[in-house]
Amino acid sequence: MRSATEPSEISQEELRALQLGKLRAGLTHVLATNAFWRERLNSLSGWDDFERLPLTSKSELLADQTAHPPFGTNLTFPVDRYVRLHQTSGSSGDQPLRWLDTEDSWDWWIRIWAGHVYRAAGVTSTDRLFFAFSFGPFIGFWSAFDGAHRLGALCISGGAMTSEQRVRNMLDIGATVLLSTPTYALRLAEVARQIGVNVSAAGIGKTIHAGEPGASIPATRDAIEAAYSAVSFDHTGMTELGPTGFSCSARDGVHLIESEFIFEVAADGELIATNLGRWGMPLIRYRTGDRVVVSREPCSCGSSFMKVVGGIRGRVDDMFTVRGVNLYPSQVEDIVRRYQEVTGFVIEHRRERLMDEVALVIETPVASFSTERLEADLRQALGVRLDCRVVTPGTLPRSDLKSQRIVRVPPAGG
Ligand SMILES: [Zn+2]
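This report concerns the structure included in the present document.

Cut-offs applied
- Residues numbered from 1 in each chain as written.
- Predicted model: local features only at pLDDT ≥ 70, side-chain atom pairs only at ≥ 80, totals over all residues.
- Heavy atoms only, no water.
- Pairing = 2+ DSSP bridges.
- Helix = DSSP H or I, 4+ residues; strand = E, 2+ residues; numbered from the N terminus.
- Right-handed = clockwise from strand over helix to strand, strands pointing away.
- Buried < 20%, exposed > 50% of the residue type's maximum accessible area, 1.4 Å probe, protein only.
- Polar contact = N/O pair within 3.5 Å; in protein donor to acceptor, adjacent residues only side chain to side chain.
- Contact = heavy atoms within 4.5 Å.
- 1 Å grid on protein atoms, 1.4 Å probe; cavity = no way out; pocket = protein on both sides within 12 Å on 5 of 7 lines; lining within 4 Å.
- Points joined across faces, edges and corners; volume = space filled by probe spheres on them.
- Nonpolar A, V, L, I, M, F, W, Y, C, P; charged D, E, K, R; others polar.
- Core = buried A, V, L, I, M, F, W, Y, C linked by side-chain atoms within 4.5 Å.

This brings us to the pairing of strand 20 (residues 387-391). As paired elements, strand 19 (residues 355-363) and strand 20 share 5 bridges and run parallel to each other. From the neighbouring strand, Ala 359 faces strand 20, where its bridge partner is Asp 387. Running through helix 11 (residues 372-382), the crossover from strand 19 to the neighbouring parallel element strand 20 is right-handed.

Let us look at the side chain of Ser 403. Tracing the sequence through the fold places Ser 403 in the loop between strand 20 and strand 21 (406-409). Residue class for Ser 403 comes out buried when judged on its relative accessible area of 17%. At a separation of 2.9 Å, a polar atom in the side chain of Ser 403 contacts the side chain of Glu 212. Contact partners of Ser 403, with chain neighbours within four places excluded, come to Thr 183 and Glu 212.

Gaps between atoms show up when a probe of the same size as a water molecule is rolled over them. In this structure the tally under the stated criterion is 1 cavity of 30 Å³ or more. Of the pockets and cavities examined, the largest cavity occupies roughly 30 Å³. Lining the largest cavity, in full, are Phe 36, Leu 61, Asp 64, Gln 65, Phe 71, Gly 72, Thr 73, Asn 74 and Met 281. In terms of residue count, helix 4 (residues 58-67) provides more of the lining of the largest cavity than any other element does, 3 residues in total. Its residues assigned to classes, the lining of the largest cavity comprises 4 nonpolar, 4 polar and 1 charged.

In this structure, Leu 23, Tyr 118, Leu 129, Phe 131 and Leu 179 are the most contacted members of the largest nonpolar core, which totals 68 residues. Considering every element that reaches this core, the biggest residue donor is helix 5 (residues 103-121), with 10 residues. In contact with Phe 131, other than residues within four places in its own chain, are Tyr 118, Phe 141, Ala 144, Phe 145, Ala 148, Cys 155, Ile 156, Ser 157, Gly 158, Gly 159 and Leu 179.

This is a description of form; function is not addressed.
Pasting the structure below:
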């Protein structure tokens, strides 16, 4: 039973006061010792000052770490105060960004997992959570794992296993919650079918996803829920920023955790975030690169946190253009995932003679699969024609980390 003092149910005025109080207290330490922020910020007394602060971009952080290896200058404490090091995947072609956490900031991560993400999904201490991830240096699964530990649930690492071993392990130990990327959840279901295992009867009641927006894309969520007979939830977060959001029982978007962050939306729809509990390596007015539409309409779950309508549907970097129409991969995914026969896809983008040429490459084990109906559905939904090409299963890369949806092909002869 939730009480009226639940941070997600406080009024706007109380929330703004809470945010400003946390920010001012945190900045007192940061501005005393942190070289990165001392160069950029002065002291802050009210919201007017905050709104005048410069925005921070990932390229600035990368440049700082290149100039001051290995961790850059965004350090509030001596390095020996930090207890965890994680890094981004570098999947967008950048060098990986390294991020350090102190004992306190790691505790902040896992409190958010336990108190917001798992709570909204109804995960409890009686659950058994299977983490279908590699457990490399990426922060997501480590924080999710420790958050579940904090809840008192049973935590099972799926690292260093094949997909088949993960399916069998999950069933053998009676997992009730699966954590994975949306694409990898579908991959595991496909492997289960191939080896004659019925995951829909396995008792996995919930799935929680991150890395891709799939759990907020209706067709993808439907496919995962049908495969596992489960209810699927979305979670958003970034290595350098923290765990920012969760989908609730209404499942029509992602609540942004405003008691632990300040969120702003720029004129072009980019989400800007300031974290309020990671003072060892904080981010102030950080450009997330996510394009969002937000709403403050009351939610049936009771939370007053702002909601990203339909989840984060596009990264600024992922937008592509077909005959003048701007599109995001998630719009294509919402059509493609209605076709159970399609087991994988990428959007191939090439620029020829100043024209954007875009094709959808799909993988299917069904030899007789015809692309005609899919092309017609895409045209209907997107308003432009997108050519489809079929490749044999195993051609496209597979990963238990975030899928690369757009493949940029360099122009022929150059
Ligand atoms: Zn809600």
